[in-house]
Amino acid sequence: MEERYMNVSRHPQGRRQAPRREEAWDEPPRRAPSRRGNMPPKRRRSGASVAVSVLMGCYKVIVVLSVLIVAGYVGFRLMVRAPEQKPLPTPGQNGTQTVPPGTVDQTQPNTLPAGLTRREGVYTVLLAATDKDGTRTDTMMVMCYDTVKQTVGVVSIPRDTLIDRGSGHHPKLVYGKGGVEQRVEDISQMLGIPIDYYIKVNIKGFISLVDYLGGIDFYVPCNMNYDDPYQDLHIHYKEGQRKLSGQQAMEVARFRKNNDGSGYSDVGRTETQQKLLIALSKKVLAWGTLTKINGFVEIFNKNVSTDLTLDNMMYFASQAINLEPSSAVETATLPGRGDGVFRGYTWCFELDAEGTLEAVNRLINPYDRDLTLKDMNLTKATSYK
C-alpha cells in the first residue's frame, strides 16, 4: 500500500522537471531562515501520511456531498406542499331523499355540516374508468388516503346506484351529463363527504398498463360465457387461477352475467374489479418495476385525466413511499338491492342505508367524527321488480 502511494509522487521516467530558481538537482533545497532560529529542515512526508491525507480529503468530500443531498431532500419536502382539502358541495334541491341532508348553510357553500372537521393529512379521490367508447364512467371507486396513519380505504359504488338529480334526469349514477366532474358532485352529495380529486382512466390505458407489466396473475371467480356483438365484447373463461393479458383483464373486469343469466350481480362485478385493482397495484409498486417509470409516465399521459397538479402527485408519491399495500389497503362495496324502480326506470340499485353508513365511516370518512344518515343524501326506490 505504501509503495503504491509513493509511486504517485515519482516523476515519470524520461522527463525531468526544470530546477527551481534556488534549487539544484544534486543539492537539497535551500530554506529561508526561520524566525525562531535555525531549525532542522522538515522531513518529507512518508507514503502512509500521503495516503491518510488523500483518504481524509475523500472523506471531507463525501461529508459535503451528503450534506448537499440531505439539504436537497429537505428542500424538496419543503417545496412539495400538502394538497388542498376541498369542501363539501352545496346539496341539491330535489326533496326526494330517504333522509334529509346534513345541516349545511345554503348561503355559505364552503361551510361544513354541523360538528364536522376535516382530519389533517386525509384525502379523498374518485377513481373512475370509462367504458369502451369513453363516454360513460363505468367504474367508480372512492379512495381515502390517510397520509398520517398510512392507510388506504377503497369503496366501490355500483354503476346503477340510484340518485335523484331532479325531474327529467336519469336516476342511475353511471348515466347523465357532466362527465366525471358531475360524478364527483353526485357522489359527494350522496355520501356526505367531500371528494378532493379525481383520476379517470380509459380502457385502453388499463389494457396498456397490464401488458406493460407483463400481465397479472388472477383467480377468475366463476365460469364466464358472454357475447355482445353490439359492443364487440366476447368473454369466455373458466373459473380458476390464470395469468391475464391486458385485454383479458379488461374482459374479466367488465363481466357481470352470462348470456343464460347466470354469473354474478353488479356487486359481484365491483368486487372482482377491486381484486384486480389490488393485484395490479402490488405489481406496480414492486421493486422490479422501478425501471419502468418512463413507460408509466407515457401511459399516464396518454390515457389518464385528473385534476391533480404535478405538485399534488409529487406530494402523494413522497408519502406513499412508506405505504405497505398488502396490509394497509382495505376495500368494500356499498351494499343494496338492484331491483329498484324510480320514475319509470327499472333495475336501479338502491343503497342499503345502514350498510352504506358503516362502510363510509370505516373506510372513507375524512372527518373527525362518524357520519350519520342525516349527513347523507340517499334516495329510495318507489317500488321494486
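Quick note: structure is the one above.
No experiment lies behind these values; they were computed from the predicted model shown. (Residues numbered from 1 in each chain as written. Predicted model: local features only at pLDDT ≥ 70, side-chain atom pairs only at ≥ 80, totals over all residues. Heavy atoms only, no water.)

Colleague: Please explain the overall build of the chain as it appears in this structure.
Modeller: In terms of helices and strands, the chain carries 10 helices and 13 strands. Out of the 385 residues belonging to the chain, those deemed buried represent 39%. In the chain, once contacts between residues fewer than 6 apart in sequence are set aside, the share between residues at least 24 apart is 65%. For the chain, the exposed area adds up to about 22,900 Å²; of that, 55% sits on carbon and sulfur atoms. (Helix = DSSP H or I, 4+ residues; strand = E, 2+ residues; numbered from the N terminus. Buried < 20%, exposed > 50% of the residue type's maximum accessible area, 1.4 Å probe, protein only. Contact = heavy atoms within 4.5 Å. Areas by Shrake-Rupley, 256 points an atom, 1.4 Å probe, with all protein chains shown as cover.)

Colleague: What's the story with helix α3 (residues 179–191) in this structure? I'm lost.
Modeller: Here α3 is 13 residues long and its end C-alpha atoms lie 19 Å apart, about the 18 Å a rise of 1.5 Å per residue gives. Among the residues making up α3, those that are buried are Val180, Arg183, Val184, Asp186, Ile187, Ser188, Gln189, Met190 and Leu191. At its buried positions, α3 is contacted by β1 (122–130), β2 (137–146), β3 (151–157), β4 (197–201), β12 (345–351) and α10 (353–364). Downstream of α3 by one or two residues, glycine 192 has phi in the positive range, about 75°. (Expected span 1.5 Å × (residues − 1).)

Colleague: Where do I start with the nonpolar core in this structure?
Modeller: Across soluble globular proteins, you tend to see nonpolar side chains buried next to one another. Counting 35 residues, the largest nonpolar core has Leu126, Ile187, Leu191 and Ile364 as its most contacted members. Going through the elements one at a time, β1, β2, β3, α3, β12 and α10 are the ones with two or more residues in this core. When neighbours within four sequence positions are excluded, isoleucine 364 is seen to be in contact with Thr124, Val142, Cys144, Gly153, Val155, Leu191, Ile193 and Ala359. Counting residues in hydrophobic clusters, the runner-up holds 21 residues, among them Leu209, Ile216, Ile235 and Leu276. (Core = buried A, V, L, I, M, F, W, Y, C linked by side-chain atoms within 4.5 Å.)

Colleague: I keep staring at unusual backbone geometry and nothing clicks. Help me out?
Modeller: Among all residues save glycine, negative phi is the norm, and among peptide bonds the norm is trans. Look at arginine 343: it is not a glycine, yet its phi comes out positive at around 50°. Position of arginine 343 relative to the elements: it lies in the loop between β11 (336–342) and β12. Non-glycine residue tryptophan 347 carries a positive phi angle of around 55°. Along the chain, tryptophan 347 turns up in strand β12.

Colleague: Even after reading the chapter, I still don't get the packing of helix α4 (residues 203–212) against helix α7 (residues 293–303), so can you show me in this structure?
Modeller: In a pair of packed helices, the angle between the axes and the distance between the axes together describe the arrangement. In contact at an axis separation of 9 Å, α4 and α7 are set at 170° when each is read in the N-to-C sense. Accordingly, the angle class assigned to the pair α4 and α7 is roughly antiparallel. Facing α4, whose interface residues are Lys204, Gly205, Ser208, Leu209 and Tyr212, α7 presents Gly295, Phe296, Ile299 and Asn303. Classifying every residue of the contact of α4 with α7 gives four nonpolar, four polar and one charged. (Axes fitted to C-alpha atoms, helices over the stretch in contact; angles between N-to-C directions. Parallel < 35°, antiparallel > 145°, perpendicular 65-115°, else oblique. Nonpolar A, V, L, I, M, F, W, Y, C, P; charged D, E, K, R; others polar.)

Colleague: What am I meant to see in the sheet that holds strand β10 (residues 329–333) here?
Modeller: What holds strands together in a sheet is hydrogen bonding between their backbones, with the strands either parallel or antiparallel. Taken in spatial order, the six strands line up as β9-β4-β1-β2-β3-β10 in an open sheet, and their pairing is mixed. Unpaired on one side and paired on the other, β9 (304–306) and β10 mark the two borders of the sheet. For this sheet, the mean angle separating the axes of adjacent strands, direction not counted, is 20°. Across five bridges, the pairing between β3 and β10 is parallel. Note that in β10 the partner of serine 156 across the bridge is threonine 333. Each of β4 and β9 is contacted by α7, which is oriented at about 70° to β9, the strand it contacts most. (Pairing = 2+ DSSP bridges.)

Colleague: Before we go on, may I ask you to explain the pairing of β2 in this structure?
Modeller: Along any regular strand the residues' side chains alternate between the sheet's two faces. Most of β2 sits inside the fold, with nine of its 10 residues counted as buried. Sheet topology note: the β1/β2 ladder contains nine bridges and is antiparallel. Paired with leucine 127 across the bridge in β2 is methionine 141. Bridge analysis of β2 against β3 gives seven bridges, and the strand direction is antiparallel. When the sheet's bridge partners are listed, tyrosine 145 is paired in β3 with valine 152. The loop that links β2 with its antiparallel partner β3 comprises four residues; one of these, glutamine 150, has a positive phi angle of about 55°.

Colleague: Just checking my understanding: could you explain the pairing of β1 for this structure?
Modeller: With eight of nine residues buried, β1 is to be regarded as a mostly interior element. For β1 and β4, the ladder comprises five bridges, and the chain directions are parallel. Looking at β4, one finds that leucine 127 is bridged to isoleucine 199.

Colleague: Sorry if this is basic, but what is going on with the packing of aromatic side chains here?
Modeller: The relative placement of two aromatic rings is captured by the distance of their centres and the angle of their planes. A full pass over the atoms with the stated rule returns five aromatic pairs. Relative to phenylalanine 296, the ring of tyrosine 212 lies with its centre 5.6 Å away and its plane at 75°, an arrangement referred to as edge-to-face. Within this pair, whereas tyrosine 212 is found in helix α4, its partner phenylalanine 296 is found in helix α7, the two being separated by 84 residues in sequence. Consider the rings of tyrosine 315 and phenylalanine 316, whose centres lie 5.5 Å apart with planes at 70°: the pair is edge-to-face. (Phe/Tyr/Trp six-rings, centres within 6.5 Å; stacked < 30°, edge-to-face > 60°.)

Colleague: I tried to follow the sheet that holds β12 on my own but got confused; where do I start?
Modeller: Spatially, the three strands line up as an open sheet ordered β12-β11-β13, and their pairing is antiparallel. If you trace the sheet from one side to the other, it starts and ends with β12 and β13 (383–384), each paired once. Direction of pairing for β11 relative to β12: antiparallel, over a ladder of four bridges. The residue bridging glycine 340 from the neighbouring strand is cysteine 348, located in β12.

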